[in-house]
Each structure stands twice: as structure tokens, then as C-alpha cells.
Amino acid sequence: MKHSRGGSLNSEEDTMKRKAEKQQSAAAPAAPVSAFAARKARQQQQQQQQSQQEDVAITVNKALELESQGEPPSKKARRLSEKEKESTPQSAAGEDDSQKRLALRKKKDSGKTKKSVDTPSKMREEARTVKKEVQAPSDIESGIEQTSVVEANPDDAVASIDGDADGYESPTTQIPAEIQNFPLSKTRLNKNNIVYSDEHKLCVRMKEKMNLTLLGHYDLWVKRGVISLMGAKLHPSPRVYRVYAPSTHSLPVIKCVAGVGGEAEIEIKSCHSGIYRLRDISPLYQRIWNGNNTSADKLTLKNAPTSHRRTFSVLHTSAEDSLKRHLRPLHLEKQWSSSIKHLSERGGQLRALVCGPKASGKSTFSRYLLNHLLSPAPQTEGVRSSADGVAFLDLDPGQPEFSPMGQVYLAHLRSPFFGPPFTHPSLDNAADAYIVRAHHIGATSPKEDPDHYVLAAMDLMDRYRGLLASYPQCPLIINYPGWIFGLGLEVATWLVKSLGLSDVVYMSEKGPAEVVEPLGQAAYEARTPLITLPSQPTDFVSRSSAQLRTMQIQSYFHKTRPQAVQNTLWFDTPTSRARPMLVDYAGPRQGIRGIMVMGSEIQPDLLHDALDGSIVGVVAVETPNAVMGETDTSLWNVNQANAPAEEDDSSDIEMDGSTHPALKQSDARTSMESYTTRTANEDLPYLFVGSGSCSPLDPKASRCLGLALVRSINTNTRKLELVTPIAGDHIRHALEQGHGIVLVRGQLDNPNWAISEEYYAARAAAQRHQRRVAQARKAKHDEEEKETSDSDGDGGADDRAALAATDVKQQAQIRDKLQERIRRASQAPWMTVIEDDGRRQREVAQRERSLWKLRKKAYAGSGSEMD
């Protein structure tokens, strides 16, 4: 008996030790792991996910049954002497009774396994949600706390919260514990590698094969050595590169490739592009930049005030983020790196088509390849002149790289780009990059009109061949969308056979066979090698595809680039307050030739409702027969020398077509107006050609200048108010060439973001006023305490009291005006403001702050292959 009792005690001690170790491991933060280990863990988890779901109920039931048999104490029990046992019989009996009641309670709850498992996690999530709502965000740009929910078009709001329209993403908070803490930087800042630092700059010396990861936006200058960044190898030069590293995407990593004496030296400087101001008009831009200063920032800001922060932060691990976001480094597979090097060796003969299923990394691979081609080493510049640049043919209208959604385009680039698409929604600097030609598809998916899509792609390819006449060593990268099944596969194979490609890159090693085999057969017939690479999807993202599209188009409408400034700037003025472009749609000063609505035919009486408040494509029609697919230019184009030179008046943004003789051609007006129907009430020029559905404009005879938001339609003056970032010179140049302007209403997402901008801007102004008042009160209180010992008598006290009363009155008046502005903004049509603090608000706020789980369906006809 003694031996068996000792064995039972030992087993109890082992059980207690194991439980203590489990509790300690659960409470301690996860150790940093590398990206390779995390990816391997995710793959193993996906393979075991199905079996775990089937066995989870059985496992939990068994665990509850074992616990109901007797839970070991949290610490080793102290043995009682015989006297203590005799003196405390009731307490021991009570303890036995409590253990029995605990066992019965656990046995009773074993039938409610799911509820008993989910309830603690829900309670923890609600506690974290309430805590986040109470505490003000500490982001450097996030001065707005999400205290209410704005829904513009409730149906669309539900879609944006629950996932993409096709159901590709879903919010989730189930993040594996073993990959919570990611290592981001191998270089730890110390006195030895910090060359100099101040409130705005940081100069770091890096050793070879070491890297540094930053969060935020900054200017990068390579002073010594060679570094790699997002595929580009940057050599020492006077050039300064603008880098955007938000938390919405994987963070770019600065790596030392080679250096003088084994070290490279870089300078990082804060930049003020104004993109952080977009947080005041949209919650999607909140909490995406750097937060409080990290330990590395505090080390380099010793002489600066404690409240000072740069526009970037140095992170060693993801746990150092004060906002506790899901941060990951931007790392490539080895096969990706070797393929990029292999493709870049072709130089000016490269014609690569990058395709694959959705969320496989096509855009990332294309961006890396593009940057690698745009950063040749100095000793090899003679082989391919960097002045030739790289041509980028983007055939993905859902997630384009250098333009807003709904367009396919050909871009010519001479400098690498570092940042996600919403940081460069368009190309305006002709010295570094510009759009050669673009076509308005009017939808985020090519499947809406495949014929028009193919014609647009072929026209852009012809423009590239014309570009080779000026830049013979200009390679080409083609970004194909995730439309890779069914008709999309037919289009892809036809492009492979007809474009004369040098390489085809397929971003998936898992097939499926019904896609890889036809694609490989088409590449074999075209004598083009097919490169198959493993996909590199991101399992968790903080923004869905629909939200990223909203961020990109909102960034597009709020950007500007003055001629004297090299980089793009952003302004936070709501679109309802922006200065519009006035366009006459009728009368002798008519500036547009017609208004088209792609898709099904609508009645002319409904054109006003379909156009008002929508996003339209501003298309320049080069020939009057473009609507019929004919390209006869004899009646439309005139000699440019006969067109009068117009003075450049930047203050006049009214688009008028009466000053150009080309637009007064009777034949041209007759050919366009023969297909135009005037609406009865508004006199709008409804341009419709087709039967049942509107035939799009011929890509060979038209081009897209950009997008515009129809803010209002004034039927009395016959004018349209358009808000557009299109430069006035581009529209003026099109008019001088005799081109007609047509507005195309496609099937793009409704601009719900534009409706709620004024509300968020009003709230931001009110909160800024509150912060200024609080700071003024604190400064005044400190000053009064300082002057207490040196008072100037009763008269001085009375003067200070009168001045304080005046300040309080003025502050109250300003506060009332700001509150009235918020009230008026909350009454905007098609928008509902939810101000309660109930359960629904917490659930919606939690969904907005949660991560998104990407799900990829790989079977034909599912519709999930679309980007």
C-alpha cells in the first residue's frame, strides 16, 4: 500500500508539473519564428484542419471526462499531521463535497462541449473590444476613435464586412499561437551601427546579409554599399526613394547585399506626403501606419521630446508594435528569386506573361520582377540602357497596380516603386513613369465583356510594339488576372499563342490539371517556355479585396502632384467640398459628346438617376465611328496646326468645347449625334449603340483619360459637376487634337466612401478641437502654478479670470459649430449613423478590426478565380 501510495503521489506531481508547464507556455508570448517555419506550420495546419474538425468534439469530451475525475491542485499539497487532521474534520469534508460538486458540474457541462469551449474566447474578445473602444488609438496618424458605425448603402456595408462579393475572404480571429510573434529585423540598433540620428533622420550601418524592417512611410538614401528592397538592388547614388510600408501588406525588408568593408550605410528620413491625412475621411486608413515609438526609436530619439515621433518605426519583432497588429515581412521563395534572376537575364527581349489562380502572388511577383529590371548594376548598364525602362501591361481590371479599378493599361516605367497600389493609384510623372494608353473596361472582372477585353489587350500590345521604335531594349511584363478557368483559360491560351511571348509564368504548383495542361500546350505550340512557381498567398490580411479597392480609388480621388513636386501628395478635403470641373452637356458650349451606360439598356428617363453620384470613365473618342467599331479618321481628326493655341490658365477648370474648331465639324457632330438620344427632362445626351446591351467603344479609336465622380447634375444650366484628378492639360490636349469626350458609366462599385467622407471629416475636426483645448488647459494650469509665487495683485487676477471666461465662451461656440457640422453630415442620404454602444456596434467594430482569412477555390465554374 505504501508503494502504491508513493506511486500515486509521483503521478500527481507529474500531472501538476505538466499542467503548470502548459499554463506557463500559454501565458508566455510566442517565440519568434522565421517565415519559412511559419509557412511550413501553416501547410501542416491546413492538412490537419479537416481531421481536427472531425475529432474536436471527441477530444474535448475526453478532456472534460478526465478533468471531472479529479482536478489536481495548482500547487503541491502540504501533508497534514494527525493533530491537524483531527482538528479540521469539517473543512476536509467540505473540501471533498466541493470536489464532488465540481465533478458533477463538469459532467453536466460535457454535453455542451461547443458552448463551453467558445464562451471563454468570446468573453475575451468582447473584453478586448471594449478595451479598444475606451482607449484612444496611439497611431501617429490615428486621431479618430471609432465610436460609431457609418453604413453607406446597408447592403454594400454588409458585403464589405462579411467578405468580398464572391466570398473569397471572411473575418477571423483564430490566429495560430505559434506564429503570433514574427522576427522582422536581423539588425538590432545600437551605438555601433547608428551613424547619426535626430528628430527626422536615422542613418544606419548594416552588415552583409543583415536586414532591417520599418513600418510607416519614409525616404531612403543609399550612401554606401548595395541593398535590396522589394526586388530592386539599389546602389549608392544621390537618388532618394520614397517607400510606403503600411500594415495592410507585408512589410518590405531592407537587406544589405554588398558593402565597403562588408558594410552598407543608408539614411532613412521622415516624409510628409499627406497620405496619413486620409484617416480623417475614412476608417480604412486608420491604424495602418506606425504607432508609438519602439525601443529602437527611443534609442535614436534621446535628445527629442518624448512625444515626438517620426513617420517610420524600426521593428525587430512583430510584438514590438504598440497596436498589436498582424505584421509580417515581405519574403520570397527561393524559386521566385531564381526565376526573377533568370528572367532578368533576357534583358530587352523579355516578354513575360504572369498568370495563375487568385491570391497566388501574381502581383507581388510582377512587382518584384519590375523593380529588379529597373535597378541594373552600374557595370551592366551598357548592356541594357536604364533609359529604356520597362513596359508594364496590366490586364487585371479588379486589382490594377498603377491605375484605379475598371481599367487595363500599358505603362512605361523608368524607376522602381516601393509600396502597395493605393500609394501610387496613377502615374503622373512623365520622367519616371506614365500611362502610354488605357482603356475603360467598366467592371472589376473581364468576364462581363470578354470580347471588348480581348480587343483592348490587343490594342495595348500594338502600342507596345510602337513603343519599341523609341525604346528598342524595353522589356514587357504582362499581369493577367485570376480569371484562369473556363472562358478565362481560353483567353489566356489565345494570348499566349498570339502575343509572341518569351516566357509564361504560372503561379501554382498544385494545378489543377485542366488549367496547366491547356496552358502548357499553348506555350508548346508558341515555342514559349512555361515556368511553374509555387504560390505564396497571405493567409491573414487586415483588409479584404473590396476594402483595398475602396482604399485605392479613394486615394486616386484625393491625390495631387504639383509641377514643382516630384512625389505625389494627398489632401483630406472631402469630395463634397472639392472644387469641381464644370462641363456643359448641352448648348453651344457643349464639352462632352455623349453619355454611355455599359451593360443592359436603360430607359432615357432613368439616365439622370444612373449618372448622378456615380463614377464614370472619361474617354477620349478619336474617331466618330468608334461606337460602331470602324476607324475612319477622315471626318474626325483635323490638322493640329489649325487648332488655336490656348493659354494655360490653371485657375479656369471649366471644360468648354466651343473654342476648338475640330469640335465644330458638322460631319463629326452629325456622326456622333446620330446615335445620341436627348432625355426629355434633363436634355442629357444618351449615347447608345447596340441591341439589348450597349456596344462599347472600339479600343483602336478611343482611350481612357481617367475616372471622374459625377457630384451633381444642374438641369437649369445644363452643366455637370465632375470631381476628377485628371490634369487639365490632358483634357485640353485631347480637345486640341479634335477628340470628343464621352462619359462611360460602367459597373464599378458605388462610391459609398464619398458619401461618408464629410461625416468622418467633421468628427476628426471636433476631436482635434478637443485635443487642442485639453492641451491649452494643461499649459494654462502649469503657467498659473508657476505664477502663484509672483502674483500681481487682485487686478491681475481679475484680468486673468475675464480672459479665461472669454476663452471658455469662444471654445463653447466653436464646439457647438463642430457638433452642428457633425449633425448635418450624419443626415446625408443613403447613410445611417449608429450611435449606440450596444452589442451590434461592438460586433461590427470587432469585424472591422479583425483579420481576413483568404479562401481559394480551385475548380472550374466556381467564379472564385476572378480577381
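Residues numbered from 1 in each chain as written. Predicted model: local features only at pLDDT ≥ 70, side-chain atom pairs only at ≥ 80, totals over all residues. Heavy atoms only, no water.

S.K.: Explain the overall build of the protein residue by residue, including any values.
M.R.: Tallying secondary structure elements over the protein gives 19 helices and 31 strands in all. The proportion of buried residues among the 867 residues of the protein is 48%. Sequence-distant contacts in the protein: of pairs separated by 6 or more residues, those separated by 24 or more amount to 79%. Approximately 42800 Å² of the protein is accessible, and the part contributed by carbon and sulfur atoms is 50%. (Helix = DSSP H or I, 4+ residues; strand = E, 2+ residues; numbered from the N terminus. Buried < 20%, exposed > 50% of the residue type's maximum accessible area, 1.4 Å probe, protein only. Contact = heavy atoms within 4.5 Å. Areas by Shrake-Rupley, 256 points an atom, 1.4 Å probe, with all protein chains shown as cover.)

S.K.: An account of the pairing of strand 12 (residues 351-355) is needed here, citing residue identities and associated values.
M.R.: With five of its five residues buried, strand 12 lies for the most part within the structure. Residue alternation in strand 12 divides its side chains into two sets, Arg351, Leu353 and Cys355 and Ala352 and Val354, and both sets are buried. Taken together, the four bridges between strand 12 and strand 16 (residues 476-479) define a ladder with parallel strand orientation. The partner of Arg351 across the bridge, within strand 16, is Leu476. (Pairing = 2+ DSSP bridges.)

S.K.: Outline the sheet that holds strand 15 (residues 433-440), listing residues and values.
M.R.: One open sheet holds the seven strands; their spatial order is 15-14-13-16-12-17-18, and the pairing between them is mixed. Among the strands making up the open sheet, the edge pair consists of strand 15 and strand 18 (530-532). Across the sheet, the axes of successive neighbouring strands diverge by a mean angle of 15°, strand direction being ignored. Where strand 12 lies against strand 17 (residues 503-506), four bridges are found, and the strand directions are parallel. Each bridged residue has a counterpart across the sheet, and for Val354 the counterpart in strand 17 is Val505. With respect to the sheet, helix 10 (residues 450-467) is in contact with strand 12, strand 13 (390-394), strand 14 (407-413), strand 15 and strand 16, its orientation differing from that of strand 15 by roughly 150°. (Axes fitted to C-alpha atoms, helices over the stretch in contact; angles between N-to-C directions.)

S.K.: I'd like a description of a positive patch on the surface, backed by residues and values.
M.R.: Together, Lys186, Lys209, Lys233, Lys255 and Lys341 make up a positively charged patch on the protein surface. With respect to the secondary-structure elements, Lys209 resides in the loop between strand 4 (201-207) and strand 5 (211-224). (Patch = residues over 30% accessible without salt bridge, like charges linked within 9 Å, V, L, I, M, F, W, Y side chains within 5 Å. Salt bridge = Lys/Arg side-chain N within 4 Å of Asp/Glu carboxyl O. Lys, Arg positive; Asp, Glu negative; His and termini not counted. Charge placed at Lys NZ, Arg CZ, Asp CG, Glu CD.)

S.K.: Can you tell me about empty space enclosed by the protein, naming the residues and giving the values?
M.R.: Tallied over the entire structure, the rule returns five cavities of 30 Å³ or more. Of the voids in this model, the largest cavity is the one considered here, and its volume is about 110 Å³. Taken together, 13 residues line the largest cavity, and the ones lying closest to its centre are His440, His452, Val619, Leu697 and Ser702. Mapped by element, the contributors of at least two residues to the lining of the largest cavity are strand 15 and strand 27 (702-714). Among the elements that take part in the lining of the largest cavity, strand 27 stands out by supplying three residues, more than any other. For the lining of the largest cavity, the class distribution of residues is eight nonpolar, four polar and one charged. Taken domain by domain, the makeup of the lining of the largest cavity includes at least three residues from each of domain 2 (334-377 + 385-537) and domain 3 (575-628 + 672-750). (1 Å grid on protein atoms, 1.4 Å probe; cavity = no way out; pocket = protein on both sides within 12 Å on 5 of 7 lines; lining within 4 Å. Points joined across faces, edges and corners; volume = space filled by probe spheres on them. Nonpolar A, V, L, I, M, F, W, Y, C, P; charged D, E, K, R; others polar. Domains from an automatic or database assignment.)

S.K.: How would you explain the nonpolar core if you had to name every residue and give the values?
M.R.: Counting residues in hydrophobic clusters, the biggest one holds 56 residues, and the most contacted among them are Leu220, Ile254, Ile266, Phe365 and Leu413. Each of two domains, domain 1 (191-320) and domain 2 (334-377 + 385-537), supplies a minimum of three residues to this core. In contact with Phe365, other than residues within four places in its own chain, are Trp336, Ser339, Ile340, Leu343, Val354, Val505, Met507 and Leu533. (Core = buried A, V, L, I, M, F, W, Y, C linked by side-chain atoms within 4.5 Å.)

S.K.: Summarise unusual backbone geometry; cite the residues concerned and give the values.
M.R.: Leaving glycine aside, a negative phi is the common case for residues, and trans is the common case for peptide bonds. Non-glycine residue Lys209 carries a positive phi angle of around 65°. For Lys209, a relative accessible area of 65% corresponds to the exposed category. Its identity is not glycine, yet Met230 carries a phi of approximately 50°, on the positive side. Summarising the element assignment, Met230 is placed in the loop between strand 6 (226-229) and strand 7 (232-234). Of the residues examined, Met230 reaches a relative accessible area of 5% and is grouped as buried.

S.K.: Hey, could you go over the packing of aromatic side chains for me, with residue numbers and the actual values?
M.R.: One pass over the full model with this rule turns up twelve aromatic pairs. Ring geometry for Tyr218 and Phe312: centres 6.0 Å apart, planes at 65°, overall edge-to-face. You can see Tyr218 sitting in strand 5 and its partner Phe312 sitting in strand 11 (residues 312-315), a full 94 residues away along the chain. Phe312 sits in the buried class, given a relative accessible area of 1%. Centroid distance Tyr244 to Trp570: 6.1 Å. Interplanar angle 85°. Geometry classified as edge-to-face. Separated by 326 residues along the polypeptide, Tyr244 in strand 8 (residues 240-245) and Trp570 in strand 21 (residues 569-570) bring together distant segments of the chain. Given a relative accessible area of 7%, Tyr244 falls into the buried group. (Phe/Tyr/Trp six-rings, centres within 6.5 Å; stacked < 30°, edge-to-face > 60°.)

S.K.: Give me the lowdown on helix 9 (residues 362-373), citing residues and values where you can.
M.R.: When the terminal C-alpha atoms of helix 9 are compared, their 17 Å separation across twelve residues agrees well with the 16 Å that a helix rising 1.5 Å per residue should span. Buried residues dominate helix 9, accounting for ten of its twelve residues. Those residues of helix 9 lying buried are Lys362, Phe365, Ser366, Arg367, Tyr368, Leu369, Leu370, Asn371, His372 and Leu373. (Expected span 1.5 Å × (residues − 1).)

S.K.: Just give me the short version of a nonpolar patch on the surface, but keep the residues and values in it.
M.R.: A cluster of nonpolar side chains, Val195, Tyr196, Trp221 and Val240, forms an exposed patch at the surface whose accessible area comes to about 290 Å². As for its placement among the helices and strands, Trp221 is situated in strand 5. A relative accessible area of 30% means that Trp221 is categorised as partly exposed.

S.K.: Hey, could you go over the confidence of the model for the protein for me, with residue numbers and the actual values?
M.R.: Low-pLDDT stretches of the model should not have their predicted coordinates read in fine detail. Mean pLDDT over the protein: 76, with 66% of residues reaching 70 or higher. In the model, residues 25-30 has pLDDT below 50 throughout and makes three contacts with residues more than four positions away in sequence or in other chains. The model gives residues 106-179 a pLDDT under 50, and that stretch makes 176 contacts with residues more than four places away or in other chains. (pLDDT = per-residue confidence, 0-100.)

S.K.: I'd like to hear about the environment of Ser237, residue by residue, with values.
M.R.: Along the polypeptide, Ser237 turns up in the loop between strand 7 and strand 8. Sequence separation of Ser237 and Val222 is 15 residues, and the distance between their C-alpha atoms is 6.6 Å. Among all residues touching Ser237, those that are not within four sequence positions of it are Trp221 and Val222.

S.K.: Describe in detail the pattern of salt bridges, supporting the description with residues and values.
M.R.: What the rule picks out here adds up to 26 salt bridges. In this structure, the salt-bridge partner of Asp219 is Arg242, at a minimum N-O distance of 2.3 Å. You can see Asp219 sitting in strand 5 and its partner Arg242 sitting in strand 8, a full 23 residues away along the chain. Of the two residues, Asp219 and Arg242, neither departs from the other in class, the shared state being buried. Note that Arg463 is salt-bridged to Asp459, the shortest N-O span being 4.0 Å.

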